[in-house]
Amino acid sequence: MTSIIVLILVGAFFYYIFNSYSRYENYSQEAFKNFSVTPESIKNSDLGLFVALVAKVAKADGKVDNLEAELVGLMLNDVSSVFPEPEKTRNILKDIFSQEKNRTDNIQELAQRLGRATQSNRVQQEKFIAFLIQLAFADGIVTEAEEDLLKLIAEALRINPQIYHKIFDEFEKIVYNAHPQESTQNAYEVLGVNESDDMKTIKKAYRNLVKQYHPDIIKSQTDSEAYLEEATRKTQEINQAYEMIKKSRGE
């Protein structure tokens, strides 16, 4: 009888741990409702570590272009939305991004820490690296410095090299095959604006569309792989249209 009770208690314990961790992995407001928001707690959380790595990738080629800046800003909104005190959390995450973007001495350490924190969920880790890869492709090409950084992070996360290259190749195809705008008129149509609109109006439309279709790292945790790929494809087309219009106006 005693052994049965022990088995029941052990089973209940592991069920509780599994159930709690599953909720945490979803990165929902419910999972973080009791989270104490401080610079230290955010910095050491899964998502804080991830934002630090995003900063490294965003700055790896020495610059942050328009689409990267938009995607990073939206990513900070998405991540902070699951924590209590979203505005306070966003400011902390923004500080983490600013502090980490020019550091190169702690990349492996941060990736290893994120790997240990998420080691029981390989799919989750693959979605993190997929987000970093699509961010590197935001300007249409991944530089050697960016690719070396991505490989370093993937290795520290202990992601199977074959899986890493499969994810990388998929995003490379998406960017390569993103439908180029046939004409400036077509670009205006993609953004839903008129040729007579000023650049302020056009930029606002562009930013609204990127916000609507951007890859959401929180949403991607529970959606299929196709979600992140389709979001990347759409934002590439929106960005191509915007860049074509700017070029035609000498901006």
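Here is a short report on the structure shown in this document. Counting restarts for each chain: residues are numbered from 1 in the order of the written sequence. Per-residue local features are limited, in this predicted model, to residues with pLDDT of at least 70; the limit for side-chain atom pairs, both in listing and counting, is 80 or more; totals at the level of whole chains, interfaces and linings are taken over all residues. As a convention, hydrogens and water are excluded, and side-chain values are obtained from all of the structure's heavy atoms.

Points about the overall build of the protein chain
Stage number 1. In this text, helices come from DSSP runs of H or I with a minimum length of four residues, and strands from runs of E with a minimum of two, each type numbered from the N-terminal end. Counting its regular elements, the protein chain contains 13 helices and 0 strands.
Stage number 2. Sequence-ordered secondary structure for the protein chain, helices as α and strands as β, is α-α-α-α-α-α-α-α-α-α-α-α-α.
Stage number 3. Buried means the residue's accessible area, taken with a 1.4 Å probe over protein chains only, is under 20% of the maximum for its type, while exposed means over 50%, and partly exposed covers the values in between. Every one of the 251 residues in the protein chain was classed for burial, and the buried ones make up 45%.
Stage number 4. The contact criterion used is simple: two residues touch if any of their non-hydrogen atoms lie within 4.5 Å. Of all intrachain contacts in the protein chain linking residues separated by at least 6 positions in sequence, the fraction that spans at least 24 positions is 76%.
Stage number 5. To be clear on the numbers: accessible area is Shrake-Rupley with a 1.4 Å probe, and residue cover counts the displayed protein chains and nothing else. With the model as given, the accessible surface of the protein chain reaches about 13500 Å², and the carbon-plus-sulfur share is 51%.

Regarding the pattern of salt bridges
Stage number 1. By definition here, a salt bridge exists when the distance from a side-chain nitrogen of Lys or Arg to a carboxyl oxygen of Asp or Glu is within 4 Å. Scanning the model with the defined rule gives 8 salt bridges in all.
Stage number 2. In this structure, Asp105 and Arg103 form a salt bridge, with 2.8 Å as the shortest nitrogen-oxygen distance.
Stage number 3. Given the relative accessible area of 35%, Arg103 is considered partly exposed.
Stage number 4. Residue Glu147 is joined to Lys151 by a salt bridge in which the shortest nitrogen-to-oxygen separation is 3.9 Å. In this pair, Glu147 and Lys151 both sit in helix H8 (residues 144-156), 4 residues apart, roughly one turn of the helix.
Stage number 5. On the basis of relative accessibility, which here comes to 35%, the residue Lys151 falls in the partly exposed class.

Here we look at helix H5 (residues 86-100)
Stage number 1. The terminal C-alpha atoms of H5, which comprises 15 residues, lie 21 Å apart, in line with the 21 Å expected from a rise of 1.5 Å per residue.
Stage number 2. For H5, every residue scored as buried is listed here: Thr89, Ile92, Leu93, Ile96, Phe97 and Glu100. Along H5, the residues classed as buried sweep out an arc of 145 degrees about the axis, all on the same side. Every exposed residue of H5 that faces more than 90 degrees away from the buried side is listed here: Glu87 and Gln99.
Stage number 3. Close packing links the buried residues of H5 with helix H2 (39-43), helix H3 (46-59), helix H4 (66-80) and helix H6 (107-117). A helix is expected to span 1.5 Å multiplied by its residue count minus one. Note that the arc is computed from the directions linking the helix axis to the C-beta atoms.

Quick look at the environment of Thr104
Stage number 1. Its place among the elements puts Thr104 in the loop between H5 and H6.
Stage number 2. The class for Thr104 is exposed, based on a relative accessible area of 64%.

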